[in-house]
Amino acid sequence: MKENRANILLVEDEENLHEALKLNLEMEGYGVTSAFDGSDALQKIGNEYFDLIIMDIMLPEVDGISVTESVRVNNNEVPILMLSARNSNEDKVLGLKKGADDYLTKPFNLEELLLRVNKLIEKNKKLLEKDSVGEMYQFGDNKIDFKAQDAITWNGQKVELSKKEAMLLKLLIENKNDVVTREKILQVVWGYNVYPTTRTIDNFILSFRKYFEEDSRNPKFFHSVRGVGYKYTD
Ligand code: CA
């Protein structure tokens, strides 16, 4: 598994440009998934996690602006870098209005594109890492040691946590009282573009309840919010 390697969805219907961009992005170490039209892009966005989308505006079937709009309507905050052949200010404004983060007009300088790609990915990473909790965290009579990746639970049991359990706990605790969406959990904890099923995340939450809740049927700390995600409260 290539952890920490950013995954980019490249949506571009001009084959030569597509291949050139793909090759250059891969040489920079990125994983690249290709889409050549708007509906293919939408399908891939629905099935995989991406750290960035490079989106051409003029596409067959569904145009890049409509794809962007649909991504944002679904509360997906993936960074989007828009590409347009037309040097039209209208397109630029509309693209940004519909939720693109950045914009390049063709023909563009490859080095500039790579710099912008890197900047958007790093900015997004920082957003995901903010509000970090410390190494030790206590809630109720439970104590978690994130560094040692273990916990002492309310009934005095010591629990060894897997790396993913520790990461998910940290993510939920850092977002105390806020619902963390399934997409965000996948992005932070799994971090590559293979989707575990919702059931996988549910099983993690069930384990947390088993460890940390005195009454796992009436959880005080770990809550599921049907169809949206999960929430930690204390
Ligand atoms: Ca095009």
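Residues numbered from 1 in each chain as written. Predicted model: local features only at pLDDT ≥ 70, side-chain atom pairs only at ≥ 80, totals over all residues. Heavy atoms only, no water.

Student: Explain the environment of Glu-19 to me, please; I cannot follow it from the model alone.
Tutor: Position of Glu-19 among the secondary structure elements: in helix α1 (residues 15-27). Residue class for Glu-19 comes out partly exposed when judged on its relative accessible area of 44%. Sequence separation between Glu-19 and Ser-34 is 15 residues; the distance between their C-alpha atoms is 9.3 Å. (Helix = DSSP H or I, 4+ residues; strand = E, 2+ residues; numbered from the N terminus. Buried < 20%, exposed > 50% of the residue type's maximum accessible area, 1.4 Å probe, protein only.)

Student: Sorry if this is basic, but what is going on with the coordination of the calcium ion here?
Tutor: When four donors bind a metal tetrahedrally, each ideal donor-metal-donor angle is 109.5 degrees, and when six bind octahedrally, the ideal angles are 90 or 180 degrees. Protein-derived coordination of the calcium ion comes from Asp-13 (OD), Asp-56 (OD) and Met-58 (O), at a distance range of 2.1 to 2.3 Å. Each donor residue of the calcium ion belongs to the same chain, with the gaps between them written as D-x42-D-x1-M. Taken together, the residues span a long stretch of sequence, with Asp-13 in the loop between β1 (7-11) and α1 and Asp-56 in strand β3 (residues 52-56) at a distance of 43 residues. We classify Asp-56 as buried; its relative accessible area is 1%. (Donors = N, O, S within 2.8 Å, 3.2 Å for Na, K, Ca; no water.)

Student: Quick question: what am I supposed to make of the domain arrangement of the protein chain here?
Tutor: A common way to report how large an interface is uses the accessible area buried once the components associate. Domain assignment breaks the protein chain into domain 1 (7-128) and domain 2 (136-232). Each of domain 1 and domain 2 was reduced to a C-alpha centroid, and the two centroids are 32 Å apart. (Domains from an automatic or database assignment.)

Student: I would appreciate a short explanation of helix α3 (residues 64-73) in the present structure.
Tutor: Residues spaced three or four apart along an α-helix point in a common direction, a consequence of the helix completing one turn every 3.6 residues. By the burial criterion, the buried members of α3 are Gly-64, Ile-65, Val-67, Thr-68 and Val-71. Seen end-on, α3 carries its buried residues on one side only, within an arc spanning 160 degrees. Where the residues of α3 are buried, they touch α2 (38-47), β3, β4 (80-84) and α4 (89-97). Downstream of α3 by one or two residues, Asn-75 has phi in the positive range, about 60 degrees. (Arc of directions from axis to C-beta. Contact = heavy atoms within 4.5 Å.)

Student: I keep staring at the environment of Ser-39 and nothing clicks. Help me out?
Tutor: Here Ser-39 shows up in helix α2. Among the residues examined, Ser-39 registers a relative accessible area of 28% and is labelled partly exposed. Measuring from C-alpha to C-alpha, the distance between Ser-39 and Leu-113 comes to 24 Å, with 74 residues separating the pair along the chain. Apart from the residues within four sequence positions on either side, Ser-39 is in contact with Glu-61 and Val-62.

Student: What is the right way to look at α2 in this model?
Tutor: Here α2 has its buried residues at Gly-38, Ala-41 and Ile-45. Angularly, the buried residues of α2 cover 55 degrees about the axis, an arc narrow enough to put them on a single face. Exposed residues on α2 whose side chains face more than 90 degrees from its buried face are Gln-43 and Gly-46. In this structure, the buried residues of α2 make contact with β1, β2 (31-35), β3 and α3.

Student: Would you explain the packing of helix α6 (residues 163-174) against helix α8 (residues 198-212) in this entry?
Tutor: Any two packed helices are characterised by how steeply their axes cross, that is the angle between the axes, and by the distance between the axes. The contact between α6 and α8 brings their axes to 11 Å, and the two run at 80 degrees. With respect to α8, the axis of α6 lies roughly perpendicular. Counted together, Lys-164, Glu-165, Leu-168, Leu-169 and Leu-172 of α6 and Ile-201, Phe-204, Ile-205, Ser-207, Phe-208, Tyr-211 and Phe-212 of α8 form the full contact between these two elements. (Axes fitted to C-alpha atoms, helices over the stretch in contact; angles between N-to-C directions. Parallel < 35°, antiparallel > 145°, perpendicular 65-115°, else oblique.)

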